[in-house]
Amino acid sequence: MTTIAPAPALRGDYGAAAADYTVPQRHAGVTPAEHATWRALHARQSALFGRHAARAFREGVAALDCAGGVPDLDRASEALRRTGWRLVAVPGLIPEDAFFAHLAARRFPVTHWLRRPEEMDYLEEPDIFHDFLGHVPLLTDPAFADFLHGYGEAGAFAQAQGALRPLARLYWHMVEFGLLLEDGAIRAYGAGILSSATETVHATEGPVPRLRFDAARVLRTEYRIDDLQPLYFVIEDFRELFGLLRGLEAALLRARDADPIAPGAVLAADTPL
Ligand code: HBI
Ligand code: FE
């Protein structure tokens, strides 16, 4: 498979990366100012988790115990022993094939750099705060951890069959922006939601469509990356995600050959919650 070099516009130092795009984290080099930015981001988001985050996510945040400063990825991997995952540092977004290969080996790529204080509210690329506090807590949940492993394994098939787009949509809608119906309330578990103060409230309480998860619908649904999401999909249990892996290859081919559904469109066949 061809490995496309990341676009030059990306911020990280890809020149220093190994063939699998990993870099040393150099945690000792994190400055006091960066630790302070992390503490401010962590405090702001944690204040929202009680009301807006799924229980498994909150439990993962507690297990990671990283309110005090930028986490050491090797040390944090200790909290993931139960689900067999470990964390590797990368310069930022990496090509699909490298990304899937890491997930298929239960390695989660975490960007090593942290946003600047003036980027507290928005930055265009994922940084360590998004990747770590957004994605890592659910790697402590066995059902979600198994799903993400199986998702990674589907990458090679999708790449070979020209079906990367539907697979990326699944990641976007269900890993970055997924909602969970828990004890009758809408809770967030998606990393893109829970690493953003505005999106955390918008996704769970804002005037925006929330549709019952349907794998075929999600695999066809396009998305925009630079704004609050115009709609969300809701599952009732992380095992629903694991369950979709069974027929995923056939579903990817069908979605590859189907017309995409526009971002934010609500269809007659949808089940709004
Ligand atoms: N690289 N580091 C990193 N993190 C991601 O979340 C990521 C990526 N590369 C590709 C990618 N995500 C998306 O294309 C997924 O849909 C695969
Ligand atoms: Fe992400």
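Before reading further, recall that the structure is shown in the block above.
Now for a quick tour of the structure. Predicted model, so just to flag it, every value in this text is computed and none were measured. (Residues numbered from 1 in each chain as written. Chains lettered and ligands numbered in written order. Predicted model: local features only at pLDDT ≥ 70, side-chain atom pairs only at ≥ 80, totals over all residues. Heavy atoms only, no water.)

Quick notes on the pattern of salt bridges
Summed over all chains, the structure comprises 17 salt bridges. A salt bridge links Glu119 to Arg11; the shortest N-O distance between them is 2.7 Å. Placement of Glu119 in the loop between strand E2 (107-111) and helix H5 (128-135) and of Arg11 in the segment before helix H1 (32-52) is noted, with a sequence separation of 108 residues between them. Residue Glu222 pairs with Arg169 through a salt bridge whose shortest N-O separation is 2.7 Å. One end of the pair, Glu222, is in the loop between helix H10 (215-220) and strand E6 (232-235); the other, Arg169, is in helix H7 (residues 164-176), and 53 residues separate them in sequence. Note on Glu222: relative accessible area 19%, which makes it buried. Using a relative accessible area of 5% as the deciding quantity, one classes Arg169 as buried. (Salt bridge = Lys/Arg side-chain N within 4 Å of Asp/Glu carboxyl O. Helix = DSSP H or I, 4+ residues; strand = E, 2+ residues; numbered from the N terminus. Buried < 20%, exposed > 50% of the residue type's maximum accessible area, 1.4 Å probe, protein only.)

Looking at the pairing of strand E1 (residues 86-90)
Within E1, 4 of the 5 residues are buried, leaving the element largely enclosed by the surrounding structure. In this structure, E1 lies alongside E2, joined through 5 bridges in parallel fashion. Following the sheet pairing, Val90 is matched in E2 by Thr111. Between E1 and its parallel partner E2, the chain crosses via helix H4 (residues 96-104), and the hand of that crossover is right-handed. (Pairing = 2+ DSSP bridges. Right-handed = clockwise from strand over helix to strand, strands pointing away.)

With respect to the coordination of the iron ion (ligand 2)
Protein-derived coordination of the iron ion (ligand 2) comes from His130 (NE2), His135 (NE2) and Glu176 (OE), at a distance range of 2.0 to 2.1 Å. Along the chain, the residues donating to the iron ion (ligand 2) are arranged with the sequence spacing H-x4-H-x40-E. Within this pair, whereas His135 is found in helix H5, its partner Glu176 is found in helix H7, the two being separated by 41 residues in sequence. For the pair His135 and Glu176, one class covers both residues: buried. (Donors = N, O, S within 2.8 Å, 3.2 Å for Na, K, Ca; no water.)

Brief notes about the sheet that holds strand E4 (residues 185-188)
Strand-to-strand pairing in sheets goes through backbone hydrogen bonds, with the strands running parallel or antiparallel. Read from one edge of the open sheet, 4 strands run E4-E3-E6-E5, paired in mixed fashion. What marks the edges here is a single partner per strand, and that holds for E4 and strand E5 (210-212). The sheet shows a mean angle of 40° between the axes of neighbouring strands, direction not considered. In this sheet, E6 lies alongside strand E3 (residues 179-182) in parallel orientation, the contact comprising 2 bridges. Bridged to Leu180 within E6 is Ile235. Sitting on the sheet, helix H9 (residues 197-205) is in contact with E3, E4, E5 and E6, with an inclination near 60° to E5. (Axes fitted to C-alpha atoms, helices over the stretch in contact; angles between N-to-C directions. Contact = heavy atoms within 4.5 Å.)

Structural notes on the site of ligand 1
Taken together, Val90, Gly92, Leu93, Ile94, Glu96, Phe99, Phe100, Tyr151, Ala168 and Tyr171 make up the full set of residues adjacent to ligand 1. The separation between a nitrogen atom of ligand 1 and a polar main-chain atom of Gly92 is 3.0 Å. At 2.5 Å from an oxygen atom of ligand 1 is found a side-chain nitrogen or oxygen belonging to Glu96. Relative to its free-state accessible area of 390 Å², ligand 1 is covered by the protein chains to the extent of 89%. When contributions to the shell around ligand 1 are tallied by element, the ones reaching two or more residues are H4 and H7. Considering every element that reaches the shell around ligand 1, the biggest residue donor is H4, with 3 residues. Of the residues assigned to the shell around ligand 1, the class counts are 8 nonpolar, 1 polar and 1 charged. (Near = heavy atom within 4 Å. Polar contact = N/O pair within 3.5 Å; in protein donor to acceptor, adjacent residues only side chain to side chain. Areas by Shrake-Rupley, 256 points an atom, 1.4 Å probe, with all protein chains shown as cover. Nonpolar A, V, L, I, M, F, W, Y, C, P; charged D, E, K, R; others polar.)

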